[in-house]
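Descriptive analysis of the structure
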Amino acid sequence: MKYILMMNTMKSGSQGFDRWSPQEIQAHIAFMIGLNKDLTASGVLVGAEGLALPNEARVVRAGKNREPITDGVFPESKEFLAGFWIVDVEAPEEAYAIAARASAAPGVGGEPLNMPIEVRQVMSGPPEEFV
Amino acid sequence: MTTGLTSQTERLLRELAPKVLGYVARRFGDFNAAEDVVQEALVAAVTQWPGEGLPQNPQAWLIRVASRRMIDHQRSESARWHRESQSMHFGYLSATGRDEDAERDDSLALLFMCAHPALSASSAIALTLRAVGGLTTAQIAKAFLVPEATMAQRISRAKQSIKSSGIPLRLPSADEWSARLRSVLHVLYLIFNEGYVTSTGPKLQVLQLSHEAIRLTRMLQRLLPNDYDVMGLLALMLLNDARRLARTGGDGELIPLSKQDRGLWDKAEISEGVALVSAALSSGSVGMYQIQAAIAALHDEAGSVEETDWEQILALYDVLKRMSDNPMVNLNRAIAVAMVRGAAAGLDLLDELQTQPHAHYHRLDAVRAHLLEIAGDRAGAVRYFRSASERTGNVAERNYLLMRAAELAALSGGADRLLGAARVSRAASVMQDH
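Residues numbered from 1 in each chain as written. Chains lettered and ligands numbered in written order. Predicted model: local features only at pLDDT ≥ 70, side-chain atom pairs only at ≥ 80, totals over all residues. Heavy atoms only, no water.

Glancing now at the interface of chain A and chain B. Listed per partner, the contact involves 16 residues of chain A and 12 residues of chain B. Roughly 1,400 Å² of surface becomes buried between chain A and chain B when both sides are summed, with 60% attributable to carbon and sulfur atoms. At the surface where chain A touches chain B, the tally comes to 0 salt bridges. At the surface where chain A touches chain B, the tally comes to 0 residue pairs in polar contact (both at pLDDT 80 or more). The class makeup of the residues in the side of chain A that touches chain B is 8 nonpolar, 4 polar and 4 charged. (Contact = heavy atoms within 4.5 Å. Buried area = accessible area lost by both parts, 1.4 Å probe. Salt bridge = Lys/Arg side-chain N within 4 Å of Asp/Glu carboxyl O. Polar contact = N/O pair within 3.5 Å; in protein donor to acceptor, adjacent residues only side chain to side chain. Nonpolar A, V, L, I, M, F, W, Y, C, P; charged D, E, K, R; others polar.)

Residues and elements named next belong to chain B. Going through the model one piece at a time under the given rule, you end up with 3 aromatic pairs over all chains. Ring centres of Y189 and Y289 lie 5.7 Å apart, and the angle between their planes is 50 degrees; this geometry places the pair in the tilted category. Note that Y189 is positioned in helix α9 (residues 174–197) and Y289 in helix α14 (residues 288–301), a separation of 100 residues in sequence. One exposure class covers both Y189 and Y289, and it is buried. (Phe/Tyr/Trp six-rings, centres within 6.5 Å; stacked < 30°, edge-to-face > 60°. Helix = DSSP H or I, 4+ residues; strand = E, 2+ residues; numbered from the N terminus. Buried < 20%, exposed > 50% of the residue type's maximum accessible area, 1.4 Å probe, protein only.)

All names here are of chain A. Both strand β3 (residues 59–62) and strand β4 (residues 68–71) contribute to a ladder of 4 bridges, which runs antiparallel. The partner of R61 across the bridge, within β4, is I69. Between β3 and the antiparallel strand that follows it, β4, lie 5 residues; R66 among them carries a positive phi value of about 65 degrees. (Pairing = 2+ DSSP bridges.)

Here we take up helix α10 (residues 209–223) of chain B. All names here are of chain B. Across its 15 residues, α10 extends 21 Å between first and last C-alpha, which sits within 8% of the 21 Å expected from 1.5 Å per residue. The buried fraction of α10 is high, at 11 of 15 residues. For α10, every residue scored as buried is listed here: L209, S210, E212, A213, I214, L216, T217, M219, L220, Q221 and L223. (Expected span 1.5 Å × (residues − 1).)

See the structure below:
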């Protein structure tokens, strides 16, 4: 079963990096690299991407002539997707465990950030007997 | 394509692929079909050679197999084609010892077609790697970190646009030669850059794009040994690639030029690059690639950022600016100005650049941050390092810029967070690592 683990962040500074010390930033980056390495090594990682900060983010809708109508820039308080992992696991509990690990990434003073990570199942194709 | 093959044979197949493809495509006048049958011939080689041993003339073997498949293919398509292929049949089946000029033209014509200016850059890159580089679709997809199906589609659309726009598989005429060669060099340059800048992919990358670009440019240099632009491009690639081991740390983090362990730089590549660029420049030929290679050579030959011949580098950027007044050149020139005439002079230039439309605002911010740091304005440097980190699309660069902002903030924020001596003269890193 595939799950997407979506990490959200507020627009104002990526998790407030502004106030972090170099060591704290380094620890955070090392943690994320280590997590991805482990997920790759254990064969569950389907994909992972970090998104650029939403400074220039726009929401786009089609207008009358299907021309793009853009909305943005958005207020600092709005939540944005910061990055995601897609994992292929046997049971949802495994996905929750991975999400919890990511959520506890270290922040200021090495304390876990406990970021909210939204876990959603990725829909699959038809079962094999129908293919 | 590696199963049961020695790497030597695999190299041989990749050397031969463009020659065989160029030959078959030109003989039959159908690039798409030729591409398919050459792939089939390569597969046949991979399955048969390990058991039967290397044929006496591997190239003729591949041409024979591909041509037979082509005939079968055309036979099933139409009677008209059938007649034509039959009439051509005898000409090439005996193709064993071939004329060197014809062989050279086949490979060149293929390169010119794949890098045709009518194709989009991504199409031209994919097609060049596939048709000239002899890479499989899976290998190319992996190098660009996209799904194989996506890359397969990109390649097939590229072939489609060649077909529909009627781009011929032939050498350009004398009057269009230099413009067409420019697009070939540009595609090779883009392939190199893709591999050189995107150092953030998974560690176990099968294919290093920058090395493939070097391999193809070497091939082109063998085909056109007296072309100084080709020489300059090859030199530029080698002189940048020489620093590859020193450019990133264990976790893929970016290490700027000023902090690189210069002992890790590849001496052999540097001396080859220096020899090439010297030969090109002493001929009096000063193209964009030669100038950029000369700048890279000055960095490569310096023992440190401080010992670098910035006067000379600035002079070269002045030449470059006259040739192409583009924002990247201007930005890099501002760094050289700062190194020669002081940070304030560099910052003045940046103010001018700020008003021009710019595709790389985060670079402008990053360079400004470095120059402010040199000028002693820590708070300003922190502010611009941060805004640069928010604007970049590259993870390694984002992390680097965030770290620099945090380091400087710690230095000005209090003794408890002092990290060590302030590091100035880092400015050079920004321009060298794009």
